[in-house]
Amino acid sequence: MQTNSLSQQFNAVSLADNSTACPANATICDGTSCVLPEDTFNQTLNVVLSTGLTIMLALVMFSMGCNVELNNFLGHIKRPWGIFVGFLCQFGIMPLTAFLLSLAFNILPIQAVVVLIMGCCPGGTASNIIAYWVDGDMDLSISMTVCSTLLAMGMMPLCLFIYTKMWTDSNTIVLPYDSIGLSLVALVIPVSFGIFVNHKWPAKAKIILKVGSIVGAVLIVIIAVVGGILYKGSWVITPKLWIIGTIFPAAGYTLGFFLARIAGLSWQRCRTVSLETGMQNTQLCSTIVQLSFTPAQLELMFTFPLIYSIFQLLFALLILGGYRIYRRYHINPNTDVEKTPQKEDLKASAKINGGFVSDEKK
């Protein structure tokens, strides 16, 4: 009896020691060696928020479609000069800028690759929301986003093959065609419904548009905050990437605007092309990076899409603020038309698409 009581006391002491050495939620505990259950909080939060944000985004894009005139939209598709200018910006200027910035700052090869992936991504849907707030050409904005997402299936592999050869084998980069396809579907379907509603019930479409534009602005802020919370442990990164993440979107906005102006587009469409160029699909970039690289490599590169998304939003808000100030003093609020001759990018016989018109034809 005495032996059994001593044994029980010994076991109680051992358990007490282990309880102090191991956390209460340990699944296996052997002395100081404990196996803890996997922390799935971020994963669960990510799934829940992604689902909610996807639904909200679909509703926002539906409302953006309510501002699209079917005839104007088809005009851009049939005579795609504006779309072509956007294409040159999206898959010409942005990858080249990413390449030059990577060389100029002499960053690590793996970091240069993520900068290039960002530069090769299609335009993001946030550009449509900001384009609305700066009185951009929504028909052009929507058509550019749709076309750049569709063309990304071919242009992304081509651009990455050209620009990443000096740093890595482009075959190691996995392009999630399913994600690109889903992005395209998630964009086209709600926008199509919005165009239909605007065609059938224009009065109701205006109400939906006003509500959706406000929700869209809130959604952009939520996405930025959620990204910061979910990946708060990934902010330790080389200052060079912070600098590139600041310069890159600013360069996209600026170069996109000037190329559109050189191409003869109106101020309204220059603003639109500028936003479509600078605002990239950062979620797609993050997906590609996660699918393509090891955890050790991700530590050096994963934060860059988040940095880019922060500064692309910051500069977009600065553009919005600057335009609103300009509009207050230089645009007639009754007509909401800029004091710019329409002939700058419109020809009498091609008012819908705003195709290029030479000096002789103006």
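Please read these numbers as outputs of a predicted model, since none were measured by experiment.

Colleague: I'd like to hear about the UniProt feature "transmembrane region" (unreviewed entry) in the chain, residue by residue, with values.
Modeller: Sequence positions flagged by UniProt for "transmembrane region" (unreviewed entry) are, in local numbering, residues 45–63, 83–105, 112–134, 140–163, 175–195, 207–229, 241–263 and 300–320. The span residues 112–134 shows a helical share of 74% and a strand share of 0%, and its end C-alpha atoms are spaced 33 Å apart. In residues 300–320, the share of helix is 90% and the share of strand is 0%. The end C-alpha atoms are 33 Å apart.

Colleague: Now, about the environment of glycine 322: what can you tell me, with residues and values included?
Modeller: When you line up the elements, glycine 322 lands in helix α14 (residues 304–330). For glycine 322, a relative accessible area of 38% puts it in the partly exposed group.

Colleague: Describe in detail the packing of helix α3 (residues 70–78) against helix α7 (residues 138–163), supporting the description with residues and values.
Modeller: Axis separation between α3 and α7 bottoms out at 9 Å; the angle between their running directions is 50 degrees. The angle between the axes of α3 and α7 places the two elements in the oblique class. For the pair α3 and α7, the sense of crossing is right-handed. Residue-level contacts link Asn72, Phe73, His76 and Ile77 of α3 to Asp139, Leu140, Ile142, Ser143 and Cys147 of α7. Of the residues contributing to the contact of α3 with α7, the split by class is five nonpolar, three polar and one charged.

Colleague: Outline helix α10 (residues 239–262), supporting the account with residue identities and numerical values.
Modeller: Taking 1.5 Å per residue, 24 residues should reach 34 Å; α10 reaches 34 Å between its end C-alpha atoms and fits that length. For α10, every residue scored as buried is listed here: Leu241, Ile244, Gly245, Phe248, Pro249, Ala251, Gly252, Tyr253, Gly256 and Ala260. Positive phi shows up at glycine 264, right after α10, with a value of about 95 degrees.

Colleague: Just give me the short version of the confidence of the model for the chain, but keep the residues and values in it.
Modeller: Mean pLDDT over the chain works out to 75, with 70% of the residues at or above the 70 mark. Below a pLDDT of 50 lies the segment residues 6–20, which in the model reaches two contacts outside its immediate sequence neighbourhood of four places, other chains included. Across residues 339–362, confidence stays below pLDDT 50; counting only partners more than four residues off in sequence or on other chains, it has 39 contacts.

The rules behind these values
- Residues numbered from 1 in each chain as written.
- Predicted model: local features only at pLDDT ≥ 70, side-chain atom pairs only at ≥ 80, totals over all residues.
- Heavy atoms only, no water.
- UniProt positions renumbered as here; feature names shortened; annotations may be inferred.
- Helix = DSSP H or I, 4+ residues; strand = E, 2+ residues; numbered from the N terminus.
- Buried < 20%, exposed > 50% of the residue type's maximum accessible area, 1.4 Å probe, protein only.
- Axes fitted to C-alpha atoms, helices over the stretch in contact; angles between N-to-C directions.
- Parallel < 35°, antiparallel > 145°, perpendicular 65-115°, else oblique.
- Left-handed = near helix turned anticlockwise from the far one by under 90°.
- Contact = heavy atoms within 4.5 Å.
- Nonpolar A, V, L, I, M, F, W, Y, C, P; charged D, E, K, R; others polar.
- Expected span 1.5 Å × (residues − 1).
- pLDDT = per-residue confidence, 0-100.

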